[in-house]
Amino acid sequence: MSNSYKVIMGGICAAKGFKAGGVYCGIKPSPTKDGNDGATPAKNDLGLILSDVLCNAAAVYTKNKFKAAPIYVTRSHMEETGGKIRAVIVNSKNANCYPVGGKDSYEKALKMCALTAGAVGAEPEQVLVSSTGVIGQPLPIERIEEGMTRLVEGLSYTGNEAAATAIMTTDTYKKEVAIEFSLGGKVCRIGGMAKGSGMAHPNMATVLGFITTDVAINSEMLQKALSENVNITFNCFSVDGDTSTNDMVIAMSSGLAGNAEIVAEGEDYDIFKEMLFTVMRDLTRMLAKDGEGATKLIECVCEKAPALDTAIAVAKSVISSNLFKCAIFGEDANWGRILCAVGYSDADFDVSDVDITISSCNGEIIVCQNSAGVDFCEVKAKEILSADEIVVTVSLNQGDYSGTAYGCDLTYDYVKINGDYRS
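Direction vectors running N to C along helix H7 (residues 308-319) and helix H9 (residues 335-343) enclose 135°, while the axes themselves pass 8 Å from each other. Classed by the angle they form, the pair H7 and H9 counts as oblique. Two packed elements cross with a definite hand, and for H7 against H9 that hand is right-handed. Along its contact with H7, which presents Val314, Ser317 and Val318, the element H9 presents Ile338, Ala341 and Val342. Residue composition of the contact of H7 with H9, by class: five nonpolar, one polar and no charged.

On to the pairing of strand E11 (residues 297-305), then. Most of E11 sits inside the fold, with seven of its nine residues counted as buried. Sheet topology note: the E11/strand E15 (residues 389-395) ladder contains seven bridges and is parallel. Looking at the pairing, glutamate 303 lines up with serine 395 of E15. Relative to strand E16 (residues 401-408), E11 is paired through seven bridges, and the arrangement is antiparallel. Counterpart to valine 301 in the pairing with E16 is threonine 404.

For the rest of this paragraph, the subject is unusual backbone geometry. Notably, lysine 304 is not glycine yet its phi reads approximately 55°, a positive angle. Looking at where lysine 304 falls in the secondary structure, it is placed in strand E11. A positive phi angle is found at serine 371, which is not glycine, with a value near 65°. Along the chain, serine 371 falls in the loop between strand E13 (363-369) and strand E14 (372-373).

Take the side chain of glutamate 176 next. Within the fold, glutamate 176 resides in strand E6 (residues 175-183). Accessibility expressed as a relative area gives 17% for glutamate 176, which makes it buried. At 2.9 Å, the side chain of glutamate 176 and the side chain of asparagine 160 are in polar contact. Within the structure, glutamate 176 has its side chain in polar contact with the side chain of lysine 174 (distance 3.3 Å). Contact partners of glutamate 176, with chain neighbours within four places excluded, come to Gly11, Asn160, Glu161, Ala164, Gly192, Met193, Leu283 and Met286.

Reading the values: rules and limits
- Residues numbered from 1 in each chain as written.
- Predicted model: local features only at pLDDT ≥ 70, side-chain atom pairs only at ≥ 80, totals over all residues.
- Heavy atoms only, no water.
- Axes fitted to C-alpha atoms, helices over the stretch in contact; angles between N-to-C directions.
- Helix = DSSP H or I, 4+ residues; strand = E, 2+ residues; numbered from the N terminus.
- Parallel < 35°, antiparallel > 145°, perpendicular 65-115°, else oblique.
- Left-handed = near helix turned anticlockwise from the far one by under 90°.
- Contact = heavy atoms within 4.5 Å.
- Nonpolar A, V, L, I, M, F, W, Y, C, P; charged D, E, K, R; others polar.
- Buried < 20%, exposed > 50% of the residue type's maximum accessible area, 1.4 Å probe, protein only.
- Pairing = 2+ DSSP bridges.
- Polar contact = N/O pair within 3.5 Å; in protein donor to acceptor, adjacent residues only side chain to side chain.

The following block contains the structure:
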């Protein structure tokens, strides 16, 4: 299935019924008194998404065994309300994970929900909470409390950029996307924003993702679509092999598009799921391209695989290989590192007939055929790898399934960024 859509502006505010905003409240104190360096305003560190109506919601959480307090509070609120929510409050620069899973952070996560609820006229359990930043530092909740009035006063139907900026940590640019499409004769929209630059690995990565839609869909079907799409988008990218304590993706449906509510699988569900995939895939590509210190986006496509799980496992294995990522940074077509990563993937397949192709906007070259190296022009290979978006295609030649994973190169700057992350 391939349905038409158009990319539109608006991010998480593109869908009907959603306001958003963001402010700087000083969660991470700035070196100067006025909160900036004297030249550039400090980045927002507190964001809010608010729905005009009670939403159907769905969420997916980190698989890290040490989960930060916002995960537990959000999950609890989702269970209490049956996925009926009004708002999401989110901060950056502090993970509210002090101690990991401890009472201090749990009480502060609850207080963030209560403060938000009081300011927007909702019940505390109708508010979800999310945090990202340094792990193991106390969250200065008083700064969030002081910034709440400004945050709510600044909410608007065009506040998507302020919110997208508020969730950034080491991200170098905001990640947001929105699309418009037809469903049941109604114009529908899905928008999203995400953050994640380091501490990112397939397993719900170090990602915060927020998605809004005006498609009428119940919580059960929204959860099904979100979970299935997470497995082939956010769970298929890697920056450095680390999985955080705070990762979550939340989807909210206002239902204001006016379509017949989706309550079961069928044509309308399939269209919605495909459109949701489009938004999540585009956000995933943005996340991968902005990996800490990265200079290149890498896509690995594993095709002609005997099963979908096999294709995804192979593609993930390749983009997670540090040796391969270093080779891409050095623009070295070291196909042996790719083949090695294919070989140690957690997948069953015949290793005797694997082909590998490397391509970019500068051309395409075959570097491995029948699981063996072939002669190729190193100069041409380097030219292909000089582009900022590289595609590696691994053909297993034993089936009809295909899977894609997303990553980036590993550079000197990655070490510089993470060598003094807390300072």
